[in-house]
Amino acid sequence: MSFSVPFDNSYAALPDAFYARLDPTPVKAPKLITFNETLAQKLGLPEASDDVLAAMFSGQKVPEGATPIAQLYAGHQFGTFNPQLGDGRALLLGEVVGTDGIRRDIQLKGSGPTPYSRMGDGRAWLGPVLREYVISEAMHALGIPTTRALAATTTGEDVIRETVLPGAVLTRVAQSHLRVGTFQVFAHRGQKAELARLTDYAMARHYPDAKGPMDLLRAVCAAQAELVAVWMSVGFIHGVMNTDNCAISGETIDYGPCAFIDDYHADTVFSSIDQMGRYAYSNQPRIIVWNMAQFATALLQQLDDPTTALDEATEIVHAMPAQIEAAWLSRFGAKIGLAAPTKDDAALIQDLLTLMQAQGADFTNTFDALARGDARDQFLEREAFDAWAAEWQTRLQGEGDPQTVMQAASPRIIPRNHRMEEMIAAAVAGDFAPFERLLTALASPFDTDDLDLMRPPTKAQRVPATFCGT
Ligand code: AMP
Ligand code: MG
């Protein structure tokens, strides 16, 4: 059984301090659920039978040229520093340089215990695997920087959580798995040489124009500011923006209890463990600044005298709220048809959001209806909308083609939480048709008329809480 991937493993060539080298734990009876052919071609992977793919992407066999490693990192979890985390149920198989010239990691998630597993079993169950598969691919189709899904397999083994559940492995592709927490682990341990080495590695891999730690900080802050603004613009709540779940590449990473807003409310929280609403929808812009402050603090530790760059680091982090606001304005301006919104337009946008919140209007459907000229029906009190719409129409005078601008900024379908839960329940019962259907529909989110998937949940269908599901 040969499967030769053109691996080119740069992270595994770093010193041992960065990772633990080990193979995945073989599974009993791997079976391929799905394989992302388009992505595989982009990565330059060879063709293979389903059985070979199942063996390779479940960890039953290790592809030729792979150097599986568990990456070391630390992180602030809900604001509390945990000095050692690391891949506890994931293994980086290796890196490939795709047909587009971009280097990407191929990682197995759910591949068995590692030295960083702590109390965990190193495994994943089918629910979170399919959830991440569907949502990360949906994010990609929305044009949002994200890790991708290459394959999902079942393992033929049980995973014990609150109940006995089918085991599964996700194969994830990312521009890298470097996190804020990867820097924090070396900063916390006072390993300056490793921290400097990691900084050089991250710059070379992601921001080749950067010349030093402060350039890297500036670049990551800019990428994260854009990322959070685009999340906001589609109603996405990451749910667990710990610093270990915050990627240096600027990609969305670690889909756990994430979800999209149905009826708009700024304080929406889905994650069952987010009791204080730290990662609520409207807190995301503040949290990303907090995370970047932690990144700055870590980066400074490699300098002989960290205070020399303190002013510069502070200035870079303090510039973020304005960057996020500008990115937010540009995204939400487009959602109401403004190609070049100015600061004066923020109030008009905010008024609409306030109105949506007061009326329990559906986020996605309201903006979609706005783009199609029938938003009035989305509001219980239509006159309230009329008053806002009158002001809006005045502002739109002289705009070139607001309809096109709006339609490009507002998707028609998103992975609604009740659909995700329904899909997982079906898959556990052996029916993967809802999974396939969601994948297909969410691949063209701006251009669909799948009325069924556009519909918000009824009261009975609502799924108000999500779980980490590890
Ligand atoms: P997460 O909140 O999913 O990003 O995970 C936080 C940390 O817990 C990471 O270091 C994971 O590798 C680890 N972890 C989560 N689930 C498991 C598991 N089932 N077995 C071992 N480690 C896990
Ligand atoms: Mg994580």
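It should be emphasised that the depicted structure is a prediction, and the values quoted were computed from it without experimental measurement.

Thoughts on the overall build of the chain
Here's step 1: From N to C terminus, the chain includes 16 helices and 12 strands.
Here's step 2: Along the first, second and third principal axes, the C-alpha set of the chain runs to 65 × 60 × 40 Å.
Here's step 3: Only carbon and sulfur atoms are counted for the fraction: they give 52% of the accessible area of the chain, which is about 18800 Å².
Here's step 4: Side-chain charges in the chain split into 38 positive and 57 negative, and the spacing between the mean points of these groups amounts to 3 Å.

Comments concerning the site of ligand 1
Here's step 1: Taken together, 17 residues form the shell around ligand 1, and within it G86, G88, R89, R118 and G122 come nearest.
Here's step 2: One of the side-chain N or O atoms of R89 is found 2.5 Å from an oxygen atom in ligand 1.
Here's step 3: Between ligand 1 and the protein, one listed contact pairs a nitrogen atom with a side-chain N or O atom of D121 at 3.1 Å.
Here's step 4: Within the complex, 86% of the 480 Å² of free accessible area of ligand 1 lies under protein.
Here's step 5: Of the residues belonging to the shell around ligand 1, the class tally is two nonpolar, eight polar and seven charged.

A few points about a negative patch on the surface
Here's step 1: A cluster of like negative charges, contributed by E37, E47, D50 and D51, occupies part of the molecular surface.
Here's step 2: Tracing the backbone through its elements, the reader meets D50 in helix α2 (residues 50–56).

Looking at the packing of helix α6 (residues 213–234) against helix α9 (residues 320–335)
Here's step 1: One can describe the packing of α6 onto α9 by two numbers: an axis separation of 8 Å at closest approach and a directional angle of 35°. Our pair here, α6 against α9, has a crossing hand that is right-handed. Residues C221, A222, Q224, A225, E226, A229, V230, M232 and S233 of α6 form the contact with α9, whose participating residues are M320, Q323, I324, A327, W328, R331, F332 and K335.
Here's step 2: Residues belonging to the contact of α6 with α9 are distributed by class as follows: 11 nonpolar, three polar and three charged.

A few points about the packing of helix α11 (residues 363–372) against helix α13 (residues 402–409)
Here's step 1: Running from N to C, α11 and α13 point in directions that differ by 155°, and their axes come no closer than 8 Å. Classified by the angle their axes make, α11 and α13 are roughly antiparallel. The way α11 lies across α13 gives a crossing that is left-handed. Between α11 and α13, the residues in contact are L370, A371 and R372 and Q403, M406 and Q407, respectively.
Here's step 2: When its residues are assigned to classes, the contact of α11 with α13 shows three nonpolar, two polar and one charged.

Examining unusual backbone geometry
Negative phi is the rule for most residues except glycine; trans is the rule for most peptide bonds.
Here's step 1: Even without being a glycine, F78 presents a positive backbone phi close to 50°.
Here's step 2: Along the chain, F78 falls in the loop between β4 (75–77) and β5 (80–82).
Here's step 3: Exposure remark for F78: the relative accessible area of 27% places this residue in the partly exposed category.
Here's step 4: With a phi angle near 50°, R118 is a residue other than glycine that sits in the positive phi range.
Here's step 5: Classification of R118 as exposed rests on a relative accessible area of 58%.

Quick word on the pattern of salt bridges
Here's step 1: Under the defined criterion, the tally for this structure stands at 29 salt bridges.
Here's step 2: Between E132 and R172 there is a salt bridge, and its shortest N-O distance comes to 3.2 Å. Taken together, the residues span a long stretch of sequence, with E132 in helix α3 (residues 126–141) and R172 in strand β10 (residues 164–174) at a distance of 40 residues.
Here's step 3: On the basis of relative accessibility, which here comes to 2%, the residue E132 falls in the buried class.
Here's step 4: As a salt-bridge pair, R462 and D263 come within 3.1 Å of each other at their nearest N and O atoms. Placement of R462 in the segment after α16 (451–454) and of D263 in the loop between β12 (259–260) and α7 (284–300) is noted, with a sequence separation of 199 residues between them.

Digging into the domain arrangement of the chain
Here's step 1: The assigned domain composition of the chain is domain 1 (11–174) and domain 2 (329–409).
Here's step 2: Each of domain 1 and domain 2 has a C-alpha centre, and these two points are 40 Å apart.

Quick notes on helix α8 (residues 310–318)
Here's step 1: Regarding α8, the residues found buried are A313, I316 and V317. All buried residues of α8 project into a common sector of 95° when viewed along the axis, lining one side. Of the residues in α8, the exposed ones pointing more than 90 degrees away from the buried face are D311, E315 and H318.
Here's step 2: Against the buried residues of α8 lie α6, α7 and α9.

Considering α3
Here's step 1: Counted at 1.5 Å a residue, the expected span for α3 with its 16 residues is 22 Å, and the 23 Å between its end C-alpha atoms agrees.
Here's step 2: Across the 16 residues of α3, 14 count as buried, placing the element largely inside the fold.
Here's step 3: A positive backbone phi angle near 80° is found at G143, which sits one or two residues after α3.

As for the pairing of strand β7 (residues 103–109)
Both faces of the sheet carry side chains from a regular strand, because those side chains alternate between them.
Here's step 1: For β7, a buried count of six out of seven residues is recorded, marking the element as mostly surrounded by other parts of the structure.
Here's step 2: Relative to β7, strand β6 (residues 90–97) runs antiparallel, the two sharing seven bridges. When the bridges of β7 are listed, V97 appears paired with R103.
Here's step 3: Linking β6 back to β7 in an antiparallel pair, the connection comprises five residues, with G101 at a positive phi of about 80°.
Here's step 4: When β7 meets β10, the two strands line up antiparallel, connected through five bridges. In the sheet register, K109 faces β10, and the bridge partner there is L170.

Overview of the environment of Y264
Here's step 1: Residue placement: Y264 occurs in the loop between β12 and α7.
Here's step 2: Sequence-wise, Y264 and Q357 are 93 residues apart; in three dimensions their C-alpha atoms are separated by 5.2 Å.

A short note on the side chain of T155
Here's step 1: With respect to the helices and strands, the residue T155 is situated in strand β9 (residues 148–160).
Here's step 2: Once residues within four sequence positions are removed from consideration, T155 is found in contact with V27, K28, A29, P30, G167, A168 and V169.

Some remarks on the environment of W290
Here's step 1: Here W290 is to be found in helix α7.
Here's step 2: Here the alpha-carbon distance between W290 and A141, two residues 149 residues apart in the chain, equals 28 Å.

Definitions and limits used
Residues numbered from 1 in each chain as written. Chains lettered and ligands numbered in written order. Predicted model: local features only at pLDDT ≥ 70, side-chain atom pairs only at ≥ 80, totals over all residues. Heavy atoms only, no water. Helix = DSSP H or I, 4+ residues; strand = E, 2+ residues; numbered from the N terminus. Areas by Shrake-Rupley, 256 points an atom, 1.4 Å probe, with all protein chains shown as cover. Lys, Arg positive; Asp, Glu negative; His and termini not counted. Charge placed at Lys NZ, Arg CZ, Asp CG, Glu CD. Near = heavy atom within 4 Å. Polar contact = N/O pair within 3.5 Å; in protein donor to acceptor, adjacent residues only side chain to side chain. Nonpolar A, V, L, I, M, F, W, Y, C, P; charged D, E, K, R; others polar. Patch = residues over 30% accessible without salt bridge, like charges linked within 9 Å, V, L, I, M, F, W, Y side chains within 5 Å. Salt bridge = Lys/Arg side-chain N within 4 Å of Asp/Glu carboxyl O. Axes fitted to C-alpha atoms, helices over the stretch in contact; angles between N-to-C directions. Left-handed = near helix turned anticlockwise from the far one by under 90°. Contact = heavy atoms within 4.5 Å. Parallel < 35°, antiparallel > 145°, perpendicular 65-115°, else oblique. Buried < 20%, exposed > 50% of the residue type's maximum accessible area, 1.4 Å probe, protein only. Domains from an automatic or database assignment. Arc of directions from axis to C-beta. Expected span 1.5 Å × (residues − 1). Pairing = 2+ DSSP bridges.

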